[in-house]
Amino acid sequence: PTAEPTAEPTADPTAEPTAEPTPEPTAPPVTKVPNLPQYQSIRFKEGSYPVYTGPGTNYYRVEKATVGGGVCRLYGTDGDWLLMGYGTSDGGYRIGYITKDALPDDIKTEALTFSANQVKLNTEARLIDDPIINAKQIGRLPAGSTVTLLAYLEEGSSWAYIEVADFNGKPARGFIKRNNFE
């Protein structure tokens, strides 16, 4: 290489690369995995809101999940979406996302912080949307799958909040047991 850049490329490439390649690709940086924040109990604006497993209508939706009324748990925002939890008519519980438009004007909440760590499942994992009251399975993830580890439910919890890129043709978020990848 020349000391000063040239206006035009040279006719002959450099004889040897200047940096030694690494024998293995460099792994992406691993970040500390946060816990989901404490929730606040609130009532959303009047209306009925579809609930998705992730922050957007492009995410998987479990059994046409919808919330409309009652006291719910609000964990925080992810863009224009609210991560919330609510009781179901059959006595179960779900955690999912609804539009930020449902948030009453007098309620303040914080943006959620997630990790982007990639983990490989060492065993088949049950994906659920409710680790709190009724761990109802919404699907299975095969051993060897790579998922994004977003957060843990809480300090010392055996539940991990993850995202999978393709779940029945759509991205999805949910909970799996930590021992599926640790």
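Structural data are supplied above this passage.
Residues numbered from 1 in each chain as written. Predicted model: local features only at pLDDT ≥ 70, side-chain atom pairs only at ≥ 80, totals over all residues. Heavy atoms only, no water.

**As for the overall build of the protein chain**
Phase 1: Looking only at helices and strands, the protein chain features zero helices and 12 strands.
Phase 2: What you see in the protein chain, going N to C, is helices and strands ordered as β-β-β-β-β-β-β-β-β-β-β-β.
Phase 3: Within the protein chain, the proportion of its 182 residues that are buried is 42%.
Phase 4: The long-range fraction of contacts in the protein chain, counting pairs at least 24 apart against all pairs at least 6 apart in sequence, stands at 57%.
Phase 5: As presented, the protein chain carries roughly 10900 Å² of accessible surface, and 50% of it is formed by carbon and sulfur atoms. (Helix = DSSP H or I, 4+ residues; strand = E, 2+ residues; numbered from the N terminus. Buried < 20%, exposed > 50% of the residue type's maximum accessible area, 1.4 Å probe, protein only. Contact = heavy atoms within 4.5 Å. Areas by Shrake-Rupley, 256 points an atom, 1.4 Å probe, with all protein chains shown as cover.)

**Focus on the pattern of salt bridges**
Phase 1: Applying the stated criterion across every chain, the model contains eight salt bridges.
Phase 2: Residue Arg94 pairs with Glu63 through a salt bridge whose shortest N-O separation is 3.3 Å. Of this pair, Arg94 sits in strand 6 (residues 93-99) while Glu63 sits in the loop between strand 2 (49-50) and strand 3 (66-67), placing them 31 residues apart in sequence.
Phase 3: Between Arg173 and Asp78 there is a salt bridge, and its shortest N-O distance comes to 2.9 Å. On the criterion of sequence distance, the pair formed by Arg173 in strand 12 (residues 170-177) and Asp78 in strand 4 (residues 72-78) is long-range, its members being 95 residues apart.
Phase 4: Owing to a relative accessible area of 9%, Arg173 belongs among the buried residues under this scheme.
Phase 5: Exposure remark for Asp78: the relative accessible area of 21% places this residue in the partly exposed category.
Phase 6: One network of salt bridges, in which partners are shared, links Glu63, Arg94, Asp129 and Lys136. (Salt bridge = Lys/Arg side-chain N within 4 Å of Asp/Glu carboxyl O.)

**Let's talk about the sheet that holds strand 4**
Phase 1: The antiparallel open sheet is built from four strands, whose spatial order is 1-4-5-6. Whereas interior strands pair on both sides, the edge strands pair on one side only; in this sheet they are strand 1 (40-42) and strand 6. In this sheet, adjacent strand axes meet at a mean angle of 40° when their direction is disregarded.
Phase 2: Strand direction decides the pairing type here: strand 5 (residues 81-87) and strand 6, joined by seven bridges, are antiparallel. Paired with Gly85 across the bridge in strand 6 is Ile95. (Pairing = 2+ DSSP bridges. Axes fitted to C-alpha atoms, helices over the stretch in contact; angles between N-to-C directions.)

**What about the nonpolar core?**
Within soluble globular proteins, side chains that are nonpolar tend to cluster in buried spots.
Phase 1: Formed by 19 residues in total, the largest nonpolar core has its most connected members in Leu141, Leu149, Ile162, Phe167, Ile176 and Phe181.
Phase 2: Those elements that place two or more of their residues in this core are strand 8 (125-128), strand 9 (137-141), strand 10 (146-152), strand 11 (159-167) and strand 12.
Phase 3: The greatest single-element share of this core, amounting to four residues, is contributed by strand 11.
Phase 4: Apart from the residues lying within four places of it in its own chain, the contact partners of Leu141 are Leu121, Thr123, Glu124, Ala125, Leu127, Val147, Ile162, Val164, Phe167 and Ile176.
Phase 5: Counting residues in hydrophobic clusters, the runner-up holds 17 residues, among them Tyr52, Ile95, Leu150 and Trp159. (Core = buried A, V, L, I, M, F, W, Y, C linked by side-chain atoms within 4.5 Å.)

**What to know about the packing of aromatic side chains**
Phase 1: What the rule picks out here adds up to five aromatic pairs.
Phase 2: For the pair Phe114 and Tyr161, a centre-to-centre distance of 5.9 Å together with 45° between the ring planes defines the contact as tilted. One end of the pair, Phe114, is in the loop between strand 6 and strand 7 (117-120); the other, Tyr161, is in strand 11, with 47 residues separating them in the sequence.
Phase 3: Given the relative accessible area of 2%, Tyr161 is considered buried.
Phase 4: With a centroid separation of 4.8 Å and an interplanar angle of 35°, the aromatic rings of Tyr161 and Phe175 are classed as tilted. Of this pair, Tyr161 sits in strand 11 while Phe175 sits in strand 12; the two residues are 14 residues apart in sequence, bridging distant segments of the chain. (Phe/Tyr/Trp six-rings, centres within 6.5 Å; stacked < 30°, edge-to-face > 60°.)

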